[in-house]
Amino acid sequence: PDGMDGRLTAVKHANGKDYWLIAHRWESNEFCAFRITAGGVDVNYVSSNVGSVHSGDNNLLGYMKASPDGSRLAVALYESQSVEIFNFDRETGQVTAPLVSPPDYEGAYGLEFSPDNSKLYLTTLDYANMIPAFPSLLYQFDLDATNVFGSATVIDTADSGFRWAGLQLGIDGRIYMAKSVNATTHS
């Protein structure tokens, strides 16, 4: 449908053969889960109105990721400086149980779950400035903690020559991080 915000992720259906393609509607809090079968994409999607409304000039930036076991989703909202974590039902396609961080993550951008589904990683990125106005950080959240966002730990800070961007879990079980070079001034 029209009005999606550009974030997409996929999760294997509980039946082991189909998939869910999950999108988010812009200026809404609606997740849309489309079932994909051998016959194609079912246009009658599962709607879940949960979490924050995605709007604002820069909230189009930021990743949406599914955990390796498909039981959770996470969304980084750049302008809101926040992260949202949800449960995902692989049988029904429903998104539920939002955990919304405080606005403590300036430039919230890249996300990835650990291979064992117990941790979530977040990068912060100042994409607008040739020389970043704030440092690029890599956070780790313990998803088993009573207070997930209270468990936030900075595990790396980009040096002055780089900034952290996207994260991707590889088939080898390692998480890879994209980095971009900062502009430098010369005298």
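None of the values given here were measured: they were computed from a predicted structure.

Colleague: What's the story with the overall build of the chain in this structure? I'm lost.
Modeller: Broken down by element type, the chain carries 0 helices and 15 strands. A globule of 187 residues ought to have a C-alpha radius of gyration of about 16 Å, and the chain, at 17 Å, matches this closely. C-alpha atoms of the chain, sized along the principal axes, occupy 60 × 35 × 30 Å. Taking all contacts inside the chain whose residues are at least 6 apart in sequence as the whole, residues at least 24 apart take part in 43%. Working note: accessible area of the chain is about 9,300 Å², and carbon and sulfur atoms make up 51% of it. Where the 12 positive side-chain charges of the chain centre and where its 22 negative ones centre are 8 Å apart.

Colleague: How should the sheet that holds strand β11 (residues 119–124) be read in this particular structure?
Modeller: Sheets are built from strands that pair by backbone hydrogen bonding, the pairs being arranged parallel or antiparallel. The antiparallel open sheet is built from 4 strands, whose spatial order is β10-β11-β12-β13. The open sheet has two free edges, formed respectively by β10 (108–113) and β13 (153–157), since each of these has just one partner strand. Between one strand axis and the next, the sheet turns by 25° as a mean value, whatever way the strands run. Where β10 lies against β11, 4 bridges are found, and the strand directions are antiparallel. Bridge pairing links E112 to Y121 in β11.

Colleague: What is the right way to read the pairing of β11 from this model?
Modeller: Along any regular strand, the residues point their side chains to alternate faces of the sheet. Judged by how many residues are buried, β11 sits mostly within the fold: 5 of 6 residues are covered. Strand direction decides the pairing type here: β11 and strand β12 (residues 137–142), joined by 5 bridges, are antiparallel. Within the sheet, the bridge partner assigned to L120 lies in β12 and is F141.

Conventions we followed
Residues numbered from 1 in each chain as written. Predicted model: local features only at pLDDT ≥ 70, side-chain atom pairs only at ≥ 80, totals over all residues. Heavy atoms only, no water. Helix = DSSP H or I, 4+ residues; strand = E, 2+ residues; numbered from the N terminus. Rg over C-alpha atoms; globule rule 2.2 N^0.38 Å. Contact = heavy atoms within 4.5 Å. Areas by Shrake-Rupley, 256 points an atom, 1.4 Å probe, with all protein chains shown as cover. Lys, Arg positive; Asp, Glu negative; His and termini not counted. Charge placed at Lys NZ, Arg CZ, Asp CG, Glu CD. Pairing = 2+ DSSP bridges. Axes fitted to C-alpha atoms, helices over the stretch in contact; angles between N-to-C directions. Buried < 20%, exposed > 50% of the residue type's maximum accessible area, 1.4 Å probe, protein only.

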